[in-house]
Amino acid sequence: MERCDVLAGHSEEPGRLTRRYGTPALRAAQEVTAGWMRGAGMAVHRDPIGNLIGRYPASTEGRETPALLLGSHLDTVRDAGQYDGALGVLVALAAVQGLRDGDEHLPFAVDVVAFADEEGLRFHGAYLGSRAFTGTLDPAALSLRDVDGITFAEAIRSVDGDPDALPAARVDFSDLLGYVETHIEQGPVLEALAVPIGVVSAIAGQSRLDVRFGGEAGHAGTVPMTRRRDALCAAAEFVLTVEAAARERAGVVATVGQITVEPGARNVVPGTAALTLDVRHEDDAVRDAVVRHLELRAREIADRRDVEVACRPVGASNGVRCDPDLSAVLARAVEAVGCPVRRLLSGAGHDAVALAALAPVAMLFVRCAGGISHHPAESVSVEDVSVAIEVMDHFLVAMAHRSLPVA
Ligand code: HGY
Ligand code: MN
Ligand code: MN
C-alpha cells in the first residue's frame, strides 16, 4: 500500500495523478518499480515499446523453461485513482517477494510485467503496451498522434524504445502457463456481496470511436437561429441519443467522455464538435449492433441539421472469457484463504484482453469502496489487499504442483 502511495507521487500534473505513455512521470514510476523488482530477486528489462518486465528465475533454467506471467499496467487515466493498474503490478511483486524471502523457486519462471499503455489516454487506442507484448498491435497505431501532434512511433523512440522492432517483439515462450492479473474491481459488486475478492469470469468487449460533426462557425450575435449550422447542437443531440440507446438495452454502457469544440469562443457559433464514443457489452453482437445504430443516428441528426458527420473507429476489442482451468486454480486459491468464491464479469477492460491472444488468462478482483474508479477517490483496504497477496501465494504453489511432471 505504501508502494501504491509512492507510485501515485509520479504524475505529469501537480495535485492530481495523470501518467500517460512515454512521459517522464511514467518513466520515473517504472524506475522505482524496477528497483523493487530487483529487490525481489528479479532480472529486469524493458521491451521495444517500453513495458517493464521482471523475471524471477525457475528452479532450473533452460531454453524450455516454462513461464507464468503476472502483472497489470502503470499508465493511468487523467486525474486517476492510485490503484487501477498499479495494484496488480504490486500484488504480483509482493507474491514474488514471498518466494524470494523463502528462498523458493518454482518449476517455472515468474515474469511480472508492468505494461506501459493500457488506458490509451495519450494515443486513444486501448492496450497498446500489452498488444505490442503479444505481437497483436496493428502497425497503423504507430501513426496515431497525441494532442501535440507527436506520433506514437516518435513517443516510443523518446523513451528509448524501438518501433521498428515491434513486429518481432512478441514474447516467444516455449511454454507459457498463463497470465494472471490482479485488479481493483472498479465496480460495486464485491462490496455488495461483502467479500474481499472475486474471480473474473469474462471481460466485456469495447468499441471506441471518434465522431466529428462539422457545421459552420459564425457570429453569435448576427447569424439568425434559423440559418445556423451549429456543430455542437448536433453533438449535444447525439450525446443524449447515446445515453438513450444504452438505457434501452440491458447491460449496454455507452459514454461520450470528451468533446472538443472549434473555434471554441463564447461569441462564436461552434463550427466543429469532435467527440469520443465508448460502447461496451459482454456480447460482441449486441455491442456491434449498438454501434451501427449510433452511426446511423449520427447521420440522421447531421442530415436534419445540415451538418457533416464522420465516424471513425479507433480500436475495438471483443469480449474475452477467462480460461476455465486457470480460473479454477485461482478459485481454489481463494478457497484456501477461507473466502467464498464469487465470480463476476468485468465491464472495465484490462491487459488480460490483449494477453488472451497469447495465453490462458485469469483475473482476481479486489473489492473497492463505493465502486469508485477512474477517480481520485478510488480506494482499497489494506486487509483486502493482504488477502489478494495471500491468494497469489497459494496460486503460485498450486501452479507449481500442477506443472510438476507426473511420475
Ligand atoms: O477503459 C477501461 O476499461 C480500462 O480502465 N482501461
Ligand atoms: Mn483504468
Ligand atoms: Mn486498469
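Cut-offs and rules
- Residues numbered from 1 in each chain as written.
- Chains lettered and ligands numbered in written order.
- Predicted model: local features only at pLDDT ≥ 70, side-chain atom pairs only at ≥ 80, totals over all residues.
- Heavy atoms only, no water.
- Core = buried A, V, L, I, M, F, W, Y, C linked by side-chain atoms within 4.5 Å.
- Buried < 20%, exposed > 50% of the residue type's maximum accessible area, 1.4 Å probe, protein only.
- Helix = DSSP H or I, 4+ residues; strand = E, 2+ residues; numbered from the N terminus.
- Contact = heavy atoms within 4.5 Å.
- Donors = N, O, S within 2.8 Å, 3.2 Å for Na, K, Ca; no water.
- Phe/Tyr/Trp six-rings, centres within 6.5 Å; stacked < 30°, edge-to-face > 60°.
- Near = heavy atom within 4 Å.
- Polar contact = N/O pair within 3.5 Å; in protein donor to acceptor, adjacent residues only side chain to side chain.
- Areas by Shrake-Rupley, 256 points an atom, 1.4 Å probe, with all protein chains shown as cover.
- Nonpolar A, V, L, I, M, F, W, Y, C, P; charged D, E, K, R; others polar.
- Domains from an automatic or database assignment.
- Buried area = accessible area lost by both parts, 1.4 Å probe.
- Axes fitted to C-alpha atoms, helices over the stretch in contact; angles between N-to-C directions.
- Parallel < 35°, antiparallel > 145°, perpendicular 65-115°, else oblique.
- Left-handed = near helix turned anticlockwise from the far one by under 90°.
- Salt bridge = Lys/Arg side-chain N within 4 Å of Asp/Glu carboxyl O.
- Expected span 1.5 Å × (residues − 1).

## Things to note about the nonpolar core
Phe152 and Phe395 are the most contacted members of the largest nonpolar core, which has 72 residues in total. Broken down by element, the residue count for this core peaks at ten residues, all from helix α3 (residues 86-101). Residues contacting Phe395, with those up to four places away along its chain left out, are Leu68, Val180, Leu326, Val329, Leu330 and Ala333. Of all hydrophobic cores here, the second largest spans 28 residues; its members include Ile53, Ala126, Tyr127 and Leu358.

## Things to note about the coordination of the manganese ion (ligand 3)
Around the manganese ion (ligand 3), the protein contributes the donor atoms His73 (NE2), Asp84 (OD) and His183 (NE2), which lie 2.0 to 2.2 Å from the metal centre. Site description for the manganese ion (ligand 3): donor spacing in sequence, H-x10-D-x98-H. Here the manganese ion (ligand 2) and the manganese ion (ligand 3) are spaced 3.5 Å from one another, each receiving a donor from Asp84. Of the two residues, His73 is situated in strand β3 (residues 67-73) and Asp84 in the loop between β3 and α3; the sequence distance between them amounts to eleven residues. Overall, the relative accessible area of 8% leaves Asp84 in the buried class.

## Description of the packing of aromatic side chains
For the structure on display, the rule yields five aromatic pairs. Each ring, one from Phe115 and one from Phe133, has its centre 5.4 Å from the other, and the planes form 85°; the classification is edge-to-face. Remark: Phe133 occurs in helix α4 (residues 128-134) and Phe115 occurs in strand β4 (residues 109-115); sequence separation between them is 18 residues. Each of the two residues, Phe115 as well as Phe133, counts as buried. Chaining the aromatic ring pairs together yields one cluster made of Tyr21, Phe123 and Phe152.

## A word on the site of ligand 1
For ligand 1, the full set of nearby residues is Glu118, Glu119, Gln206, Arg208, Arg280, Ala348, Gly349 and His374. For ligand 1, a nitrogen atom lies 2.8 Å from a polar atom in the side chain of Glu118. Separating an oxygen atom of ligand 1 from a side-chain N or O atom of His374 is a distance of 3.0 Å. For ligand 1, the protein covers 95% of the area, taking 210 Å² as the surface of the free molecule. Residues of the shell around ligand 1, tallied by class, amount to one nonpolar, three polar and four charged. In this structure, the shell around ligand 1 is formed jointly by two domains, domain 1 (2-203 + 320-403) and domain 2 (205-317), each of which donates at least three residues.

## As for the domain arrangement of the chain
For the chain, the domain assignment lists domain 1 (2-203 + 320-403) and domain 2 (205-317). One C-alpha centre belongs to domain 1, the other to domain 2; they are set 33 Å apart. Taken together, the contacts link 13 residues of domain 1 with ten residues of domain 2. Together domain 1 and domain 2 conceal approximately 770 Å² of surface at their shared face, both sides included; 41% is due to carbon and sulfur atoms. Ranking the residues of domain 1 by area buried against domain 2 places His124, Arg131 and Leu345 at the top, with a combined share of 44%.

## Some thoughts on the coordination of the manganese ion (ligand 2)
Within the protein, the manganese ion (ligand 2) binds to Asp84 (OD), Glu119 (OE) and His374 (NE2); these donor distances fall in the range 2.0 to 2.2 Å. Considered as a linear motif, the donors of the manganese ion (ligand 2) on their single chain read D-x34-E-x254-H. Accessibility expressed as a relative area gives 41% for His374, which makes it partly exposed.

## Details of the packing of helix α9 (residues 324-336) against helix α11 (residues 382-403)
Two elements in contact, α9 and α11, have axes whose closest approach is 8 Å; the angle formed by their N-to-C orientations is 130°. Regarding the angle of α9 to α11, the classification is oblique. Here α9 and α11 pass one another in a crossing that is right-handed. On α11, the residues touching Asp325, Leu326, Val329, Leu330, Ala333, Val334 and Ala336 of α9 are Val391, His394, Phe395, Ala398, Met399 and Arg402. Of the residues in the contact of α9 with α11, the class split is ten nonpolar, one polar and two charged.

## Topic: the pattern of salt bridges
By the definition in use, this model includes 18 salt bridges. Taking the shortest distance from any N to any O, the salt bridge between Arg122 and Asp146 comes out at 2.9 Å. Of this pair, Arg122 sits in the loop between β4 and α4 while Asp146 sits in the loop between α4 and α5 (152-158), placing them 24 residues apart in sequence. For the pair Arg122 and Asp146, a shared accessibility class is recorded, and that class is buried.

## Description of α11
Between the first and last C-alpha of α11 there are 32 Å, a value that for 22 residues agrees with the 32 Å anticipated at 1.5 Å per step. Buried within α11 we find Asp384, Val385, Val387, Ala388, Val391, Met392, Phe395, Leu396, Met399 and Ala400.

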